[in-house]
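Letter by letter, the chains look like this.
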Amino acid sequence: KPAVSSEVYLLLSDYYFDKMNNKRKGEEYLLLSEKVAPKSPEILYAIATRYLSINEKVKGYNYLLKVEKPNNSEVVARLFVVSVDLGKAKEEVKYGTLLKKLAKINNTNLGTLLYNSDNLKGAEKYYKLGLKEKNAEANLGLAYVEAAKGNKALAIKYAEAAHKAKVQGAETILNELKLMK
């Protein structure tokens, strides 16, 4: 009888996680997928993202670490975000620094990555580092963070600073913030 590929097991795990809401069975198929291809960076990465998608951050993080040679900016970006989420300060610095080199980005970009991953505290930290680097776009990021936190006055202050520095998108958020109640 033909062998089942690790990709089929991944599809089955998705089915059980997403459609059947059966975490135990979904995890069983993830482990079978790894058993078939234990050294495949693609499969290990796929397993990591499955765990992260169901908010199993520690398991997802551990699988990301198994992906050999994390010189891929997508893998490093996920390692950075999850390191921040898990409060792993040393790893946060390590992967943040590596990601800045690999993707040629700055602290403001790291802030946006964290903001898009729903980590307002981490986003705020990196946007403030961006301000220290004199990056005007960090003001726009901080406007979004403060708006999300419900701090309208502070959000407007940051949006006005971004608008004054002619940051793209600043005028739009400034107008939206002024319309907020």
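Residues numbered from 1 in each chain as written. Predicted model: local features only at pLDDT ≥ 70, side-chain atom pairs only at ≥ 80, totals over all residues. Heavy atoms only, no water.

**Topic: the pattern of salt bridges**
Applied cut-off: We define a salt bridge as a side-chain nitrogen of Lys or Arg found within 4 Å of a carboxyl oxygen belonging to Asp or Glu. Numbered from the N terminus, helices here are DSSP runs of H or I no shorter than four residues, and strands are runs of E no shorter than two.
Inspection of every chain in the model, using the stated rule, returns eleven salt bridges. The salt bridge involving R50 is made with D14; its shortest N-O contact spans 2.5 Å. On the criterion of sequence distance, the pair formed by R50 in helix α3 (residues 41-53) and D14 in helix α1 (residues 6-19) is long-range, its members being 36 residues apart. Between K57 and D85 there is a salt bridge, with the nearest N and O atoms lying 3.1 Å from each other. With K57 in helix α4 (residues 57-66) and D85 in helix α5 (residues 73-86), the pair connects residues that are 28 residues apart, well separated along the chain.

**Points about the layout of surface pockets**
Here is the rule: Think of a 1 Å grid over the protein atoms and nothing else: a 1.4 Å probe that fits but is trapped marks a cavity, an open set flanked by protein within 12 Å on at least five of seven lines marks a pocket, and residues with an atom within 4 Å of a point count as lining. Grid points are joined across faces, edges and corners, and a volume is the space filled by probe spheres set on the points. Residue polarity is assigned by list, with Asp, Glu, Lys and Arg as charged and Ala, Val, Leu, Ile, Met, Phe, Trp, Tyr, Cys and Pro as nonpolar; anything else, Gly included, falls into the polar class.
Of the voids in this model, the largest pocket is the one considered here, and its volume is about 190 Å³. Forming the boundary of the largest pocket are T49, L52, S53, K57, A77, R78, V81, V82, D85, L113 and S117. Counting residues per element, the ones that place at least two in the lining of the largest pocket are α3 and α5. When residues of the lining of the largest pocket are assigned to their parent elements, the largest contribution, five residues, is made by α5. Among the residues forming the lining of the largest pocket, the class breakdown is five nonpolar, three polar and three charged.

**Some remarks on the environment of E34**
Selection rule: Buried means the residue's accessible area, taken with a 1.4 Å probe over protein chains only, is under 20% of the maximum for its type, while exposed means over 50%, and partly exposed covers the values in between. Should any heavy atoms of two residues lie within 4.5 Å, those residues are considered in contact.
Tracing the backbone shows E34 in helix α2 (residues 23-36). Residue classification places E34 among the buried positions, given a relative accessible area of 14%. Remark: the alpha-carbon pair of E34 and L44, spanning ten residues in sequence, is separated by 6.9 Å. What E34 contacts, discounting residues up to four positions off in sequence, is L44, I47, Y63 and K66.

**Here we look at unusual backbone geometry**
At N55, a residue that is not glycine, the phi angle is positive and equals roughly 65 degrees. Along the chain, N55 falls in the loop between α3 and α4. Even without glycine at this site, K104 takes up a positive phi of about 50 degrees. The topology assignment puts K104 in the loop between α6 (89-103) and α7 (107-116). On the basis of relative accessibility, which here comes to 72%, the residue K104 falls in the exposed class.

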